[in-house]
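Overview (structure and organization)
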Amino acid sequence: MTRTLSVRARVPMRAGSGPERFVDPLLDDLARRGPLSRERFSTHWGDPAALAALADRKRGPLAAPLLEELTAYHRRLGASPCSLAALDRLGRGEVVCVVAGQQPAPLGGPLYSLHKIAATVGMAADFTARTGAACVPLFWMHGEDSDFAEIRTVTVGDAALSLHDLELPALAHRDGGLVGSIARDPVAGIERRAIDAWSALPGGPQLDALLARIGGVARDLGETISALMLELFAEQGLVVVDPRLPAFRAAARVVIDRYLARADSLSEAARHAGAWLEPRIGRRPLADASLESFVFAIEDGKRRKIPLDEARSAGASRTLAPSVALRSAVQDGVLPTVAMACGPGEVAYLLQLREVFKGVGVEPACPVPRLAVTWLPPAAVSLIEQSGEDAATLISGADAAISRLAALAVPAAAREALAEAHRAALEGLARVSETARAVDSSLPQMVESARAKIDFQYQRLSEGLAGKVQKKLERLHPEWPRLRYYLRPGDRWQERRLASLEPAAYRGLAVAAETCELARDHAERVARGELDHIVADL
């Protein structure tokens, strides 16, 4: 767990520069300030003067009740001195922040959650270096979400690369309930099963101790994820915001009330922006139906979408929470956010919301492509080193890489003997075809039919030789046949399925700081218009 982190490859995400599977047109447009970003976003990550000016405009103290509640929240969840100091400076208006948001999910949720939060650390450091404005990383723990299906399942791999899909029981959640409020017991059950799967990996004992510590302070899933991230990024001074806090809801109500005063025109503007985007990106990120109302009512721990008339008639004592169409404006209106680590989905809906931000009087954070990483387990590294395969090719086709290695590993004598026999058979048939023509003009066609069948059989012999060698390779390396499922589980990106804690099972808790180093370099490269998918060794 003290091995130096090795970056195996940086795969360009721009069309024509790397494998098509890695290309993401929206993120590439954002990194290079393409036509969509120029049209819809006011600040670009590569413009330090504009970023510094944004920091000057957004810097300011938090509301005193909010700072008080956040401080108590951090202390109760065991925040480090670095995080408490960062929160204090944020509260007093001395610093700005880079934010990433994600719904809470067991084991930290999918891997991209870890990458997003690491991205805020790297971006905050790069922001300070390039602008001179002090900046801290911040995680918005979106415990007010109610989509249980989206956060219910997480996947972990064991030492043999067998995957285990772990699922919260249906009874852990009630319809419309906030996912952040899911009780600790079912979450702890998933954690125990994950520790069992990771028991033979180097970082298993550290994770076991970490999850035990968090279980001692967290009361629900939301606090579990807040405490987890505060510990993983303790030395980086991460600050966490839980929008369920009463003081945050009070501060958010200012932005929500501005929306309610202009709700009809803002809905229409967002629909118009969606119609403008559709021919350019192939979809409307926020469907028209989702724009009828931008708010939910929070009642008895449940979230319910309410019509505008009901929202407007609700008194100040009624708890309202923003939908996706207003959440980012609330975030950027309450907090001094200067940048936001974004995946493609977030970039898409932010493209549709420019007029919403303007309508509620909030200056948006600069969107920045988040860090993207695929992690190679030792079995993948050994396959690459024995086969000479490119890492990006291996991710897209591990089985094919094993087959190519097996074909090359067939003993030369057997391969040459088969090739010679194949050549001799074809040459012999060619002579038969030539001489048979003198007997009857139709005979060469019969010989050609026989040649095709013989050619097929020789191909089968060649595949049979390689297949026997492949079976031997797979007996020597039993994890290799499972690589395709580990690197592309369900044929999706690894970071969308495997748990955020998976790399720590291999590299220990230090992997969070190591990922932040990758993220700092990523932030610098994006500022130059370069966007890559990183492939790193576990």
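Presented here is an overview of the structure given in this document. Bear in mind that the values here come from a model prediction, so they are computed numbers and not experimental data.

A short note on the environment of P344
Considering the arrangement of structural elements, one finds P344 in helix 15 (residues 344-351). Considering only alpha carbons, one finds P344 and L320, 24 residues apart in sequence, at a separation of 27 Å. In this structure, P344 is in contact with D24, L26, L27 and R283, ignoring residues within four places of it in sequence.

A few points about the sheet that holds strand 13 (residues 532-537)
With respect to topology, 3 strands assemble into an open sheet ordered 1-13-12, the strand pairing being mixed. Whereas interior strands pair on both sides, the edge strands pair on one side only; in this sheet they are strand 1 (7-12) and strand 12 (373-376). Looking at each pair of strands side by side, their axes are set apart by 20° on average, direction ignored. Strand direction decides the pairing type here: strand 1 and strand 13, joined by 5 bridges, are antiparallel. If you follow V7 over to strand 13, its bridge partner there is A536.

Some points on the sheet that holds strand 7 (residues 295-299)
In space, the 3 strands of this open sheet follow the order 8-7-9, with antiparallel pairing throughout. At either margin of the open sheet sits one strand with a lone partner, and together these are strand 8 (302-305) and strand 9 (320-322). Direction aside, neighbouring strands of the sheet carry axes that sit 40° apart on average. Alignment of strand 7 against strand 9, held across 3 bridges, turns out to be antiparallel. Among the inter-strand pairings, V295 is bridged to a residue of strand 9, identified as P322. On top of the sheet, helix 11 (residues 246-261) reaches strand 7 and strand 9; it is set at about 75° to strand 9, its chief contact.

Some points on the side chain of D332
Along the polypeptide, D332 turns up in helix 14 (residues 324-334). No salt bridge is formed by the buried D332; the nearest opposite charge belongs to K58, separated by 4.7 Å. Reaching out from D332, the side chain makes a polar contact with the backbone nitrogen of A365 at a distance of 3.0 Å. Each residue touching D332, except ones within four places of it in the same chain, is listed here: K58, T337, F357, V362, E363, P364 and A365.

So, the packing of aromatic side chains
Applying the stated criterion to the full structure yields 4 aromatic pairs. Of note, R130 hangs over the ring of W45, and the distance from its end group to the ring centre comes to 4.9 Å. Sitting over the face of the ring of W493, R488 holds its NZ or CZ atom 4.5 Å from the ring centroid.

As for helix 20 (residues 412-436)
With 25 residues, helix 20 should cover 36 Å at 1.5 Å per step; its first-to-last C-alpha distance of 36 Å lies within 8% of that length. Looking only at helix 20, the buried set comprises L418, G428, L429, S433 and A436.

Quick look at the environment of G529
Tracing the chain through its elements places G529 in the loop between helix 24 (511-527) and strand 13. Residue class for G529 comes out partly exposed when judged on its relative accessible area of 24%. A sequence separation of 207 residues divides G529 from P322, and the C-alpha atoms of the two residues are 33 Å apart.

So, the pattern of salt bridges
Taken as a whole, this structure holds 41 salt bridges when the rule is applied. Across the pair D537 and R8 runs a salt bridge, and its minimum N-O distance is 2.6 Å. Placement of D537 in strand 13 and of R8 in strand 1 is noted, with a sequence separation of 529 residues between them. Since its relative accessible area comes to 9%, D537 is described here as buried. Its salt-bridge partner being R284, residue E278 comes within 2.9 Å of it at the nearest N-O pair. One salt-bridge network, held together by shared partners, links D88, R89, R92 and E94.

Considerations on the pairing of strand 13
Within strand 13, 6 of the 6 residues are buried, which leaves it mostly tucked inside the rest of the structure. Alternating residues of strand 13 divide into D532, I534 and A536 and H533, V535 and D537, and every residue in both groups is buried. Note: strand 12 against strand 13, 4 bridges, orientation parallel. Its bridge partner being in strand 13, W375 is matched across the sheet by A536.

Points about the state of the cysteines
For the coordinates displayed, the defined rule picks out 0 disulfides. Distance from the sulfur of C82, which forms no disulfide, to the nearest cysteine sulfur (C516) is 12 Å. The class for C82 is partly exposed, based on a relative accessible area of 33%. C342 forms no disulfide, and the closest cysteine sulfur to it belongs to C366, at a distance of 8.6 Å. Judged by its relative accessible area of 0%, C342 is buried.

Parameters at a glance
Residues numbered from 1 in each chain as written. Predicted model: local features only at pLDDT ≥ 70, side-chain atom pairs only at ≥ 80, totals over all residues. Heavy atoms only, no water. Helix = DSSP H or I, 4+ residues; strand = E, 2+ residues; numbered from the N terminus. Contact = heavy atoms within 4.5 Å. Pairing = 2+ DSSP bridges. Axes fitted to C-alpha atoms, helices over the stretch in contact; angles between N-to-C directions. Buried < 20%, exposed > 50% of the residue type's maximum accessible area, 1.4 Å probe, protein only. Lys, Arg positive; Asp, Glu negative; His and termini not counted. Salt bridge = Lys/Arg side-chain N within 4 Å of Asp/Glu carboxyl O. Polar contact = N/O pair within 3.5 Å; in protein donor to acceptor, adjacent residues only side chain to side chain. Phe/Tyr/Trp six-rings, centres within 6.5 Å; stacked < 30°, edge-to-face > 60°. Lys NZ or Arg CZ within 6 Å of the ring centre and 35° of its normal. Expected span 1.5 Å × (residues − 1). Disulfide = S-S within 2.5 Å.

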